[in-house]
Amino acid sequence: MLVLGLETSCDETGVALYDSERGLLADALFSQIEQHRVFGGVVPELASRDHVKRMLPLIREVLTTAGVERTQIEAIAYTAGPGLVGALLVGASCSQALAFAWGIPAVGVHHMEGHLLAPMLEEQPPAFPFVALLVSGGHTQLVRVDGIGRYQLLGESLDDAAGEAFDKTAKLMGLQYPGGPEIARLAEIGTPGRFTFPRPMTDRPGLDFSFSGLKTFTLNTWLQCREAGDQSEQTRADVALAFQQAVVDTLTIKCRRALKQTGLNNLVIAGGVSANQSLRQSLEKMLGELKGQVFYARPRFCTDNGAMIAYAGCQRLLAGQQDGPAIGVQARWPMEQLPAI
Ligand code: ATP
Ligand code: MG
Ligand code: FE
């Protein structure tokens, strides 16, 4: 089945063509980061308007790249939530209009299921069951995954998501949006051991997270540096490294705990923060000790993209799922509510 996938949940317009027999045929992305950067974060109304402008040219682009005629497309998958309502509506209405015009089915995909399944597009995909760590701009969750739509939430952030903590912390230190890649880049030249930050909620049982205190801790450290007259680039890098290490350590400790609790030894990491090299290394070391394996997508498919939506949608369409003609999106949508296939 040849599926066109559209992603518009936030500030990236993603389009891809996935074929159940031939795999991923093409994918294209337009990131609005530059437009939102001056505001220090995503402006929802600007995001929606830009998705409208980018969608059709990107669809034409993937068709050309894949050498596919539009008449060969058999179904459309689009992100139906969670995300920014206005942005989601662009993808949903575009999909429903094209599906109606072309006489093919459309299916709404859960954005986090898209992230979760993105590592399936890689050469060595993970096999069920596994534990998934979803770490993105809006989510930090540990999930037991027994199949598509068979998700059991094991723990989640009680406040900021991991990506959000990277973004907010970066902003406090005068770095630009998005903060994750900025902090990661600076951390590379940071001095190990100069600062040590707390590992929130690791000294008590459970699999929940809290990252907002770490952000405040970082701010206080950065302000103390100013009082001491040292906000040099090296000091900024040292603080960035201490912050990143605290996040990575915290995530690693909780992943180890989740694997122990479930008795599983395969871990999938997905979402924008799973692109972080330090996190990947730390988890690989831990899984090496447990004789297990860690799976992740190529960096481009860790952050938002159309390929993950085309893939997840294709699996659900193959199982017979499809939407009615109504256009419906959900800003909030617990992943556990998804039907199993
Ligand atoms: P959600 O998927 O929860 O709706 P989102 O779509 O905004 O949120 P993603 O696109 O998955 O989130 O990821 C973006 C986040 O990933 C941002 O917070 C960004 O800072 C973070 N990020 C990207 N690359 C890195 C990196 N190398 N290290 C740490 N964080 C990163
Ligand atoms: Mg984004
Ligand atoms: Fe996302």
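You'll find the chain entered in an unreviewed UniProt entry as tRNA N6-adenosine threonylcarbamoyltransferase, with Aquipseudomonas guryensis given as the organism. UniProt, in its Catalytic activity (unreviewed entry) section for the chain, records the words "L-threonylcarbamoyladenylate + adenosine(37) in tRNA = N(6)-L-threonylcarbamoyladenosine(37) in tRNA + AMP + H(+)".

Enquirer: Quick question: what am I supposed to make of the UniProt feature "binding site: substrate" (unreviewed entry) in the chain here?
Expert: Here, the residues flagged by UniProt with the feature "binding site: substrate" (unreviewed entry) are Leu134, Val135, Ser136, Gly137, Gly138, Asp167, Gly180 and Asn276. Looking at the element boundaries, Leu134 is found in strand S6 (residues 130–135). Position of Gly137 relative to the elements: it lies in the loop between S6 and strand S7 (140–147). With relative accessibility at 48%, the residue Gly137 sits in the partly exposed group. Non-local contacts of Gly137, meaning those with residues more than four positions away in its chain, are made with Ala161, Gly163 and Glu164.

Enquirer: Before we go on, may I ask you to explain the coordination of the magnesium ion (ligand 2) in this structure?
Expert: Octahedral six-donor coordination of a metal ideally yields angles of 90 or 180 degrees, compared with 109.5 degrees for tetrahedral four-donor coordination. Donor atoms from the polypeptide that bind the magnesium ion (ligand 2) are Asp11 (OD) and Glu12 (OE), placed at 2.4 Å. The class of Glu12 is buried, set by a relative accessible area of 10%.

Enquirer: How should the packing of aromatic side chains be read in this particular structure?
Expert: Two aromatic rings are characterised by how far apart their centres lie and by the angle between their planes. Under the criterion given, the structure shown has 5 aromatic pairs. A ring pair is formed by Tyr18 and Tyr311, whose centres lie 5.2 Å apart and whose planes are at 80°; its orientation type is edge-to-face. Residue Tyr18 is found in strand S2 (residues 12–19), and its partner Tyr311 is found in helix H10 (residues 306–318); the two are separated by 293 residues along the sequence. The exposure class of Tyr18 is buried, given its relative accessible area of 10%. Considering the side-chain rings of Phe128 and Phe130, the 5.4 Å spacing of their centres and the 20° angle between planes classify their relative orientation as stacked. Taking relative accessible area as the criterion, Phe128 reaches 35% and is therefore assigned partly exposed. Judged by its relative accessible area of 0%, Phe130 falls in the buried class.

About the criteria used
- Residues numbered from 1 in each chain as written.
- Chains lettered and ligands numbered in written order.
- Predicted model: local features only at pLDDT ≥ 70, side-chain atom pairs only at ≥ 80, totals over all residues.
- Heavy atoms only, no water.
- UniProt positions renumbered as here; feature names shortened; annotations may be inferred.
- Helix = DSSP H or I, 4+ residues; strand = E, 2+ residues; numbered from the N terminus.
- Buried < 20%, exposed > 50% of the residue type's maximum accessible area, 1.4 Å probe, protein only.
- Contact = heavy atoms within 4.5 Å.
- Donors = N, O, S within 2.8 Å, 3.2 Å for Na, K, Ca; no water.
- Phe/Tyr/Trp six-rings, centres within 6.5 Å; stacked < 30°, edge-to-face > 60°.

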